[in-house]
Protein chains: 2
Amino acid sequence: MGSSNTVRKLQVVSPVPADIDVANSVQPLHISEIAQELNLSPNHYDLYGKYKAKVLLSVLDEVKGGGDGYYVVVGGITPTPLGEGKSTTTVGLCQALGAFLDKKVVTCLRQPSQGPTFGIKGGAAGGGYSQPAAIDTRVFHESTQSDKALLNRLCPPNKEGKRSFNDIMFRRLKKLGISKTKPEDLTPQEVKKFARLDIDSDSITWRRVMDVNDRFLRKITIGQGPEEKGMVRETGFDISVASEIMAVLALTTSLADMRERLGNMVIGNSKAGEPITADDLGVGGALTVLMKDAINPTLMQTLEGTPVLVHAGPFANIAHEAGFGADIGTEKFMNIKCRYSGLTPQCAVIVATIRALKMHGGGPEVVAGKPLDRAYLTENVALVEAGCVNLARHISNTKAYGVSVVVAINMFSTDSQAELNAVRTAAISAGAFDAVICTHHAHGGKGAVDLGIAVQKACENVSQPLKFLYPLDISIKEKIEAIATSYGASGVEYSEQAEKQIEMYSKQGFSTLPICMAKTQYSFSHIPSEKGAPSGFVLPIRDVRASIGAGFIYPLVGTMSTMPGLPTRPCFYDIDIDTTTGKVIGLS
Amino acid sequence: MGSSNTVRKLQVVSPVPADIDVANSVQPLHISEIAQELNLSPNHYDLYGKYKAKVLLSVLDEVKGGGDGYYVVVGGITPTPLGEGKSTTTVGLCQALGAFLDKKVVTCLRQPSQGPTFGIKGGAAGGGYSQPAAIDTRVFHESTQSDKALLNRLCPPNKEGKRSFNDIMFRRLKKLGISKTKPEDLTPQEVKKFARLDIDSDSITWRRVMDVNDRFLRKITIGQGPEEKGMVRETGFDISVASEIMAVLALTTSLADMRERLGNMVIGNSKAGEPITADDLGVGGALTVLMKDAINPTLMQTLEGTPVLVHAGPFANIAHEAGFGADIGTEKFMNIKCRYSGLTPQCAVIVATIRALKMHGGGPEVVAGKPLDRAYLTENVALVEAGCVNLARHISNTKAYGVSVVVAINMFSTDSQAELNAVRTAAISAGAFDAVICTHHAHGGKGAVDLGIAVQKACENVSQPLKFLYPLDISIKEKIEAIATSYGASGVEYSEQAEKQIEMYSKQGFSTLPICMAKTQYSFSHIPSEKGAPSGFVLPIRDVRASIGAGFIYPLVGTMSTMPGLPTRPCFYDIDIDTTTGKVIGLS
């Protein structure tokens, strides 16, 4: 180190500014320059952005026998709660050795824990998870402090003894219609309104999340530690992707838009029935910091070297995404996603298999893990034709958006030509622009060339604008009913709870949001076993929830588990690593 | 796309091999080549390894008005539980368009959720967290299934109907002393031993972890959902860094070593008192896959362009790390970390401040957030001299390892020359190689040049090998007492629970592990208010735990919270992002 091309002399300022200002005052070098100074060649590390690199352990073999440098440990005397500066001394020492004494030196530090950084030290990581922590802790602190004490803790005095609001507090003040700018100017009434969120614990809709199949966390009791003074509460965990934060990530259009959506997420109500948001909790900005890299889509590639963008991963049934059948997939894509993105598709592909069509025609139940019934392995044109009613309804529903529909028949080796022809005929007569047989699973892109040509033609063929299934300015119930009708339902039945929620969301001014139905993907109806194209049924709405930040209301049609479980033999049994090559093995 | 320099024609094999084999059969292109084909210049994206890149949103401004391409959505008919191939069709279609029809095409996919991937689909992420899920679910499944049913589910038949053990199962068979290689050859007794872990729920030492300050998770009751059939259990969450997985990461020496340590982690006992490991649960390999990138240290830089390696972040008091006072920091570094790494330091720096020395000399209590007492802001040489007994003991304890000790006096603006001289004199007479005043906080590396020179000299000065404080082959109690003596204790007092645990770990054959004391950092003793250099006290051991995989026994001296809480005003209130520049603001 120490050669002039990397070392920068610090512009020393007195008094020492805040760490973040010092950090921002320096333009860091591209990390590859730092690596080069350490004689690391590009194959010794992987870049993670411009200023971080992961050093590969393979470098150890190459430096073997090179002889070790000096090794120094930095400890301290028994510290005060303020810390005596071990880390700063470590870094300062290394800067002296490297930048002033022309020694080759490497500082080794531990990673900070994210939780405390987020809570006390500064920094932001961990917040995606920590919002429920923020909710329960806020309720806890409000239960033990006076309005004035809360205000004083929320607005601590600076060195000159002055108290002030920060940006996120001004968001809440604005929401409360308080235009004052100094804490000391608030009336006792305003102090109470500002400092006391007065969250109604029963109204909290936010659950903690983990990206794990952990069924034992579906329903838990928290706060049983003695320090929590009996503030126990029943709640549960969802799988991370079911978090509204994921839905926000998937629907947002820019960093600024994401900041607003995250801040607007509603976590529950005050006892007075007012919606309490992430910004009321003071966490909206920190959440945005956590998600700032996630918003950038990840570029990857297919086996044939074509580009792939991977972005977000919303929880299917309760989020909007094109997954599953077109009834809940394409519908949400059109009415929620396209509405927010402003992008309009020209063509919709509908994937069908002989197997699924036979099931819809009356074939025996298909169960994952169990061998398929003969009916699915031998030719049965009649069964296929009977099942095409399901395909036909998806086609007409999708065509209603004003896009051309191409049916992709995902061919299996057991499919017969007669069966395939039957599907093609049914698709065309149902209004499909084309229906094409694909063998991409066996042949890669070559097996989907006909589909590619058909989709290209279909896109060129479209002129009309996108037609949504429903406008936003009708009532929540009218929107739900418009979607239910597209399922083939003759009516909708609301539970007492659903009625209550619809009334509340309407009163709170959220009735103009689009609707995201949480319904089984296995039937147009709410009953998974109802195959084909059922009609005349009454769709039951068990409950209605809302993702205000993401921007949709989601009615629950039947029960949806948001926390999967693990089987007796999870596939982690097969997953391991070849410790010599570093290659992952055992992925199915 | 589609130009020959990126497109690779797939070698198509029939029947279609497993996804992982197909994936491994192709050498992916460096992602920068893919980006180039999309006309993305390097400033449009950040590399994340060789095969992934994050596309920066700034690219949107540059392509504005460029005109949109065609936009296609892929849906499906109502699916069977097996899925009809929407994702494969999407990818196949894009490969056809890009690689065969010479169109520019970008596939857009959602990220898979990690939980299910880990549980059912294949894939591995989520496992760090999911081990407790694996424990509870295993107990659950064992409670509802016969030995034979468990065996059959653990070893499902392949296409030919043959059942077999996989690698991780052979680890358990070996541990059980069963040399048979076919499930059908096991005797009923062996089936029970192999398939039934028979975990004693009361003995489970593993808690779930999240990297959040979430005090309400310190003590919780899980399994209250109806599907869990009343299998409720009291447990709690620790902050992630307190997980043994973090300790393993910090102490491991290679990928192969990490695989063994993770597999050897003990999560509790069987009802017969046998230790149950991560490999018994079948999760050791998958955990290693999750940690394979974390093991590579992250290269960063100081403000002055010197290199920094950041790796792991163990939970201070219950893990080994050089943090805190030399009594628990340097001691663990020497006796645990250096023992495993084989690396030996030549010099130990001990950081001291006038502030802390005054506290040890009898100054008033120092409380974070409260203004400092005058005693700390005005000259008081006598107080400093009195406090040097603390520094002196740290120096002699550290010198005992055979390294030379340099004291770094981290100078504050309120320190007087007389006070600084007093420390220097005390340090030298206590046996320090040198004692140097540092002003790095104010002046960066320049302020630590004298320290750098002293440390360099100290390293050159050392010849003797490292001397550990205790050998590994003495009893657990003898090791604990050796460390307690170095604290100044006259003896050690074990709780009944501690006695029980020590006996158990000794019986299980873990008594040769080094010791990692979980003690307050605020005093040599177990009482934080005992400043200076207390002696003659009896050190109470409340409990004794073990991180078998990481490789140490950790006695709990008093209570240690492994899940911090949030204050009334967490600093996330200040954290936000400048949505125009993307810069983080509000970090202190």
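Bear in mind that the values here come from a model prediction, so they are computed numbers and not experimental data. (Residues numbered from 1 in each chain as written. Chains lettered and ligands numbered in written order. Predicted model: local features only at pLDDT ≥ 70, side-chain atom pairs only at ≥ 80, totals over all residues. Heavy atoms only, no water.)

J.: I keep staring at the domain arrangement of chain A and nothing clicks. Help me out?
T.: How big an interface is tends to be reported as the loss of accessible area on association of its parts. All names here are of chain A. What the domain assignment reports for chain A is domain 1 (19-112 + 294-461), domain 2 (131-282) and domain 3 (476-556). Contact with domain 1, which involves 12 residues of that partner, is made by 14 residues of domain 2. Inspection of the domain 1/domain 2 interface yields 0 salt bridges. Our count for the domain 1 to domain 2 interface comes out at 1 residue pair in polar contact (both at pLDDT 80 or more). Looking at side-chain class alone, the side of domain 1 that touches domain 2 contains 8 nonpolar, 3 polar and 1 charged residues. (Domains from an automatic or database assignment. Contact = heavy atoms within 4.5 Å. Salt bridge = Lys/Arg side-chain N within 4 Å of Asp/Glu carboxyl O. Polar contact = N/O pair within 3.5 Å; in protein donor to acceptor, adjacent residues only side chain to side chain. Nonpolar A, V, L, I, M, F, W, Y, C, P; charged D, E, K, R; others polar.)

J.: Even after reading the chapter, I still don't get a nonpolar patch on the surface, so can you show me in this structure?
T.: Judged by side-chain polarity, Leu 82 of chain A together with Leu 372 and Leu 377 of chain B come together as a nonpolar surface patch covering roughly 220 Å² of accessible area. The topology assignment puts Leu 372 of chain B in the loop between helix H14 (354-360) and helix H15 (381-399). Judged by relative accessible area, Leu 372 of chain B falls into the partly exposed class, the value being 30%. (Patch = residues over 30% accessible without salt bridge, like charges linked within 9 Å, V, L, I, M, F, W, Y side chains within 5 Å. Areas by Shrake-Rupley, 256 points an atom, 1.4 Å probe, with all protein chains shown as cover. Helix = DSSP H or I, 4+ residues; strand = E, 2+ residues; numbered from the N terminus. Buried < 20%, exposed > 50% of the residue type's maximum accessible area, 1.4 Å probe, protein only.)

J.: Mind showing me how you'd approach the packing of aromatic side chains here?
T.: What characterises a pair of aromatic rings is the spacing of the ring centres plus the angle enclosed by the ring planes. All told, the structure shown has 14 aromatic pairs over all chains when counted by the stated rule. Between Phe 140 of chain A and Phe 216 of chain B the ring centres are 5.9 Å apart and the planes differ by 75 degrees, which places this aromatic pair in the edge-to-face class. One end of the pair, Phe 140 of chain A, is in helix H6 (residues 127-144); the other, Phe 216 of chain B, is in the loop between strand S5 (208-210) and strand S6 (220-222), on a second chain. The exposure class assigned to Phe 140 of chain A is buried, which follows from its relative accessible area of 5%. Owing to a relative accessible area of 0%, Phe 216 of chain B belongs among the buried residues under this scheme. With centroids separated by 5.8 Å and ring planes inclined at 15 degrees, the aromatic side chains of Phe 572 of chain B and Tyr 573 of chain B adopt a geometry described as stacked. Each member of the pair, Phe 572 of chain B as well as Tyr 573 of chain B, is classed as buried. (Phe/Tyr/Trp six-rings, centres within 6.5 Å; stacked < 30°, edge-to-face > 60°.)

J.: Quick question: what am I supposed to make of helix H9 (residues 188-195) of chain B here?
T.: Quick reminder: α-helices carry 3.6 residues per turn. Residues three or four places apart thus point the same way. Residues and elements named next belong to chain B. Listed as buried for H9 are Glu 190, Val 191, Phe 194 and Ala 195. End-on, the buried residues of H9 take up no more than an arc of 110 degrees, which puts them together on one face. Facing away from the buried side of H9 by more than 90 degrees, the exposed set consists of Pro 188 and Gln 189. (Arc of directions from axis to C-beta.)

J.: Help me understand the nonpolar core, please; the structure alone is not making it clear to me.
T.: General note: in soluble globular proteins, nonpolar side chains tend to be found buried as a group. Grouped together as the largest cluster of nonpolar side chains are 141 residues, with contacts concentrated most on Phe 194, Ile 199 and Phe 237 of chain A together with Phe 194, Ile 199 and Phe 237 of chain B. Filtering out sequence-adjacent residues up to four positions away, Phe 194 of chain A remains in contact with Arg 138, Leu 151, Leu 154, Cys 155, Phe 165, Met 169, Arg 172, Leu 173, Leu 176 and Leu 186 of chain A. Core analysis: the next-biggest nonpolar cluster, separate from the first, contains 26 residues, Ile 328, Ile 483, Leu 539 and Ala 546 of chain A among them. (Core = buried A, V, L, I, M, F, W, Y, C linked by side-chain atoms within 4.5 Å.)

J.: Any chance you could explain the pairing of strand S15 (residues 434-438) of chain B here in plain terms?
T.: Consecutive residues of a regular strand have side chains that alternate between opposite faces of the sheet. Residue and element names in this part refer to chain B. Burial of S15 is extensive: 4 of the 5 residues sit out of reach of the surface. Both strand S14 (residues 404-410) and S15 contribute to a ladder of 5 bridges, which runs parallel. Bridge pairing in S15 links Ala 408 to Val 436. Regarding topology, helix H16 (residues 417-429) serves as the crossover connection from S14 to the parallel S15, and that connection is right-handed. (Pairing = 2+ DSSP bridges. Right-handed = clockwise from strand over helix to strand, strands pointing away.)

J.: Explanation requested: the relation of the copies chain B and chain A in the structure shown.
T.: For the pair of chain copies, the relating operation is a rotation around an axis with a shift along it. Of the two same-sequence chains, chain B is brought onto chain A (RMSD 0.0 Å, axial shift 0.0 Å) by a rotation of 180 degrees. Here the copies are linked by what is in effect a two-fold axis. If distances are taken from each C-alpha of chain B to the rotation axis, the shortest is found for Tyr 48 of chain B, at 2.2 Å. Residue by residue, 100% of the interface of chain B is reproduced at the interface of chain A, so both copies engage with the same surface. (Least-squares fit on C-alpha atoms with pLDDT ≥ 70 in both.)

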